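Chain by chain, the residues run as shown.
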Amino acid sequence: MDVMIQGRNVKITETLEDYAKKKVSKLDRYLPNILDIRVDLSSVHTRRGHDLIAAQITVRHKRGAILRAEDKTSTDINMAIDSVVDKIYHQIQRFKGKRIRKGRERFLATVEELDLAEEIPDIDEYVDTYSLDTEELTDEPVVPPDPIDRRKIVELSPMSEMEAIEQMELLGHTFFVFHNSEDGTVNVLYRRENGGYGLLVPNLP
């Protein structure tokens, strides 16, 4: 299992890298067959003049499923890492809690993995210990001169529409970009207000 730590406006010291790796290196005890883990740490400036630490963890499973969680409610970088690891625990629990359905195994834990995995520790009390007050949580990032303040490269894996739904639900997102294996196009899946799903299909002139 490979672990990569990256920083944006945050200096990744040896002590910080060791702390982050120690935290995430335990994840494969609760979800076997993790391919790699990426930890992104950045400093986010708010309108009130102070900085928050944004911590994001992306876990790639051997069969192609992606688990991702983010936290940006703390001014302490170690607390931010602790909090986002707790959120990943919930993502892993969701992954392990899905039932096996034929043809959809890439986004579901197998029986063998469930047998090998340890029980995820109770983290609810731990999360509450580090929660900030309501005023802190309502801070909004400063709008930069450039209307686009973040550009992100999205790695697309070929999958069916049903597999895209599984991956989007696993991530807990309201939309998901994927490479449709049925027609080779890039589609955007999104959740509608009525609880159903919508699909944006490109049509280039």
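Residues numbered from 1 in each chain as written. Predicted model: local features only at pLDDT ≥ 70, side-chain atom pairs only at ≥ 80, totals over all residues. Heavy atoms only, no water.

For the protein chain, the count of helices and strands is 7 helices and 8 strands. For the protein chain, contacts bridging at least 24 residues in sequence account for 53% of all contacts bridging at least 6. For the protein chain, the accessible surface area stands at approximately 12,600 Å², while carbon and sulfur atoms represent 50% of it. (Helix = DSSP H or I, 4+ residues; strand = E, 2+ residues; numbered from the N terminus. Contact = heavy atoms within 4.5 Å. Areas by Shrake-Rupley, 256 points an atom, 1.4 Å probe, with all protein chains shown as cover.)

Moving on to the sheet that holds strand 4 (residues 66–74). Spatial strand order, 1-2-3-4: 4 strands in an open sheet with mixed pairing. The strands lining the two open edges of the sheet, one partner per strand, are strand 1 (2–8) and strand 4. Neighbouring strand axes in the sheet, compared pairwise and without regard to direction, differ in orientation by 15° on average. Relative to strand 3 (residues 51–61), strand 2 (residues 34–45) runs antiparallel, the two sharing 11 bridges. Among the inter-strand pairings, H45 is bridged to a residue of strand 3, identified as D51. (Pairing = 2+ DSSP bridges. Axes fitted to C-alpha atoms, helices over the stretch in contact; angles between N-to-C directions.)

Quick look at the packing of aromatic side chains now. Going through the model one piece at a time under the given rule, you end up with 2 aromatic pairs. Plain terms: the ring middles of F176 and F178 are 6.3 Å apart, the flat faces sit at 5° to each other, and that makes the pair stacked. Each member of the pair, F176 together with F178, is buried. (Phe/Tyr/Trp six-rings, centres within 6.5 Å; stacked < 30°, edge-to-face > 60°. Buried < 20%, exposed > 50% of the residue type's maximum accessible area, 1.4 Å probe, protein only.)

Formed by 29 residues in total, the largest nonpolar core has its most connected members in L27, I37, L41, I57 and V59. For this core, the secondary structure elements donating two or more residues are helix 1 (14–24), helix 2 (27–30), strand 2, strand 3, strand 4 and helix 3 (77–97). At 9 residues, helix 3 tops the list of elements feeding residues into this core. When residues no more than four places from it in sequence are discounted, the contact partners of L27 are I34, I37, V59, I88, Y89 and I92. Of all hydrophobic cores here, the second largest spans 9 residues; its members include A164, L171, F178 and L189. (Core = buried A, V, L, I, M, F, W, Y, C linked by side-chain atoms within 4.5 Å.)

Here the focus is the confidence of the model for the protein chain. For the protein chain, mean pLDDT is 77; residues scoring 70 or higher make up 73% of the total. Per-residue pLDDT stays below 50 along residues 123–143; that stretch engages in 32 contacts with residues further than four places along the chain or on separate chains. (pLDDT = per-residue confidence, 0-100.)

This part is about the sheet that holds strand 7 (residues 186–191). Spatially, the 4 strands line up as an open sheet ordered 5-6-7-8, and their pairing is mixed. Every other strand in the sheet has two partners, leaving strand 5 (158–159) and strand 8 (197–200) as the edge strands with one partner each. Where strand 7 lies against strand 8, 4 bridges are found, and the strand directions are antiparallel. Bridging across to strand 8, Y190 finds its partner in G198. Strand contacts of helix 7 (residues 161–171): strand 5, strand 6 (175–180), strand 7 and strand 8, with the helix running at about 150° to strand 6, the strand carrying the most contacts.

This brings us to the pattern of salt bridges. With the rule as written, the count across this model stands at 6 salt bridges. Residue D82 pairs with K23 through a salt bridge whose shortest N-O separation is 3.5 Å. Residue D82 is found in helix 3, and its partner K23 is found in helix 1; the two are separated by 59 residues along the sequence. Among the residues examined, D82 registers a relative accessible area of 6% and is labelled buried. Classification of K23 by relative accessible area gives partly exposed; the value is 25%. Note that K87 and D71 form a salt bridge whose closest N and O atoms lie 3.3 Å from each other. In this pair, K87 sits in helix 3 while D71 sits in strand 4, placing the two residues 16 residues apart along the sequence. (Salt bridge = Lys/Arg side-chain N within 4 Å of Asp/Glu carboxyl O.)

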